[in-house]
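Residue-level listing of the chains:
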Amino acid sequence: MGTTDNTGRRIVLITGASRGIGAETARILAEGGDHVVINYREKRKRADDLAGRIAAAGGCASVAGADIAEPGAARTLIDRVVAEFGGLDVLVLNASGGLERDAAPGYAMAINRDAQRRLVRTALPFMRSGGRVVFVTSHQAHFHGRKPVPADYEPIAASKRAGEDELRAMIPELGTRGVDLRVVSGDMIDGTIIVRLLERRNPDAVSARKEHGELPTVAEFAAAVAAATRCVAESGHTVYVGGPDYLALSAT
Ligand SMILES: NC(=O)c1ccc[n+]([C@@H]2O[C@H](COP(=O)([O-])OP(=O)(O)OC[C@H]3O[C@@H](n4cnc5c(N)ncnc54)[C@H](OP(=O)(O)O)[C@@H]3O)[C@@H](O)[C@H]2O)c1
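Rules used throughout
Residues numbered from 1 in each chain as written. Predicted model: local features only at pLDDT ≥ 70, side-chain atom pairs only at ≥ 80, totals over all residues. Heavy atoms only, no water. UniProt positions renumbered as here; feature names shortened; annotations may be inferred. Helix = DSSP H or I, 4+ residues; strand = E, 2+ residues; numbered from the N terminus. Contact = heavy atoms within 4.5 Å. Buried < 20%, exposed > 50% of the residue type's maximum accessible area, 1.4 Å probe, protein only. Pairing = 2+ DSSP bridges. 1 Å grid on protein atoms, 1.4 Å probe; cavity = no way out; pocket = protein on both sides within 12 Å on 5 of 7 lines; lining within 4 Å. Points joined across faces, edges and corners; volume = space filled by probe spheres on them. Nonpolar A, V, L, I, M, F, W, Y, C, P; charged D, E, K, R; others polar. Near = heavy atom within 4 Å. Polar contact = N/O pair within 3.5 Å; in protein donor to acceptor, adjacent residues only side chain to side chain. Areas by Shrake-Rupley, 256 points an atom, 1.4 Å probe, with all protein chains shown as cover. Sits in = over half its atoms within 2 Å of the grid points.

Labelled according to an unreviewed UniProt entry, the protein chain appears under the name SDR family oxidoreductase, originating from Nocardia aurea. The protein chain has a UniProt comment under Sequence similarities (unreviewed entry) that states "Belongs to the short-chain dehydrogenases/reductases (SDR) family."

Here's what the structure looks like:
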């Protein structure tokens, strides 16, 4: 299926791209010549502003609001991309949740596991051969069960690990359509809202991480996510950013 837009650009849908790592990933990919679809949940203005900045810099972007935890909204999101572009080249699974104060019990699994699987299942029939799914996760989730996790982050870590496991189980199914999976796992990322929230609730956990060295920046992590949309490796390959102590674990 030809899924590039009429200028030959790759069509890249990034979930949760109105701010933080997703927004910076969108900016980098658009700068590299992709058409990015910036998904957001509620911050429309922020997403529009980002699309405007990308266009002003000569890039191509669209915005698409959808709460990916809502099954109907996820379907509508994919339908919209397909209607506009004929399909999809890259799906970056960046949106995540569960740390919000008002998160309902079960929300972490709903967004970090169920929504990820559903979005891939919904998008897969419209992804072109050579396409890619990139799952964005944290070391604390990726290495869940092998290292202690701050209490407040435990449900998020467990659910993101469960999401990663479900996506890995889909590798053969993705492969039948010529679509690869990449996982990008990062240490705590300096200056992000998630780290600021954790710092407020578990200050020792954040300072303990900083003892292992400087935390990676949003720019560094987003650059790795963007690069993972192109890097040549086996399906399921994991890219690690920061956290030398975790990297020692990954070698065991
Ligand atoms: N921050 C870190 O230290 C860190 C470290 C390692 C890995 N990561 C991973 O990097 C990714 C991005 O993290 P971040 O810190 O940049 O996140 P963030 O600042 O909390 O950004 C969240 C983004 O996700 C969107 N979003 C939230 N719930 C959504 C939903 N149900 N449906 C659609 N969009 C939704 C938000 O949209 P609205 O603004 O419109 O609500 C926003 O654009 C996550 O997968 C995270 O696990 C983060």
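Caption draft 1: Structural view of the environment of Leu 181. Relative to the helices and strands, Leu 181 resides in strand 6 (residues 180-186). Placed 24 residues apart in sequence, Leu 181 and Ala 205 show a C-alpha to C-alpha distance of 31 Å. In contact with Leu 181, not counting residues within four places along its chain, are Val 133, Leu 167, Arg 168, Ile 171, Leu 174, Glu 234, Ser 235, Gly 236 and His 237.

Caption draft 2: Spotlight on the pairing of strand 6. Of all 7 residues making up strand 6, 6 are buried, and the element is well covered by its neighbours. Direction of pairing for strand 5 (residues 127-138) relative to strand 6: parallel, over a ladder of 7 bridges. Across the sheet, the residue bridging to Ser 138 is Gly 186, located in strand 6. The pairing of strand 6 with strand 7 (residues 237-241) spans 5 bridges and is classified as parallel. Looking at strand 7, one finds that Arg 182 is bridged to His 237.

Caption draft 3: Region of the structure containing the layout of surface pockets. Each pocket or cavity is described by its volume, and for the largest pocket that value is around 1200 Å³. Every residue lining the largest pocket is counted, 47 residues in all, and those nearest its centre are Arg 19, Asn 94, Ser 96, Gly 97 and Ile 194. Only helix 1 (20-31), strand 2 (35-40), helix 4 (107-123), strand 5, helix 5 (139-142), helix 6 (154-169), helix 8 (193-201) and helix 10 (218-228) provide two or more residues apiece to the lining of the largest pocket. Looking at which element gives the most residues to the lining of the largest pocket, the answer is helix 8, with 6 residues. Classifying every residue of the lining of the largest pocket by side-chain character gives 20 nonpolar, 16 polar and 11 charged.

Caption draft 4: Representation of the environment of Arg 113 within the structure. Considering the arrangement of structural elements, one finds Arg 113 in helix 4. It is 9.6 Å that separates the C-alpha atoms of Arg 113 and Ala 69, two residues lying 44 residues apart in sequence. With sequence-adjacent residues up to four places away left out, Arg 113 is seen in contact with Ala 108, Ser 159, Ala 162, Gly 163 and Glu 166.

Caption draft 5: Highlighting the site of the ligand. Around the ligand sit 32 residues, and of these Ser 18, Arg 19, Asp 67, Asn 94 and Ile 189 come closest. Here Gly 16 contributes a backbone N or O atom positioned 3.3 Å from an oxygen atom of the ligand. Here a nitrogen atom of the ligand sits 2.9 Å away from a polar atom, N or O, in the side chain of Thr 192. Contact with the protein chains removes 96% of the 900 Å² of surface that the ligand exposes when unbound. Here the ligand is seated within the largest pocket. Only helix 1, strand 2, helix 4, strand 5 and helix 8 provide two or more residues apiece to the shell around the ligand.

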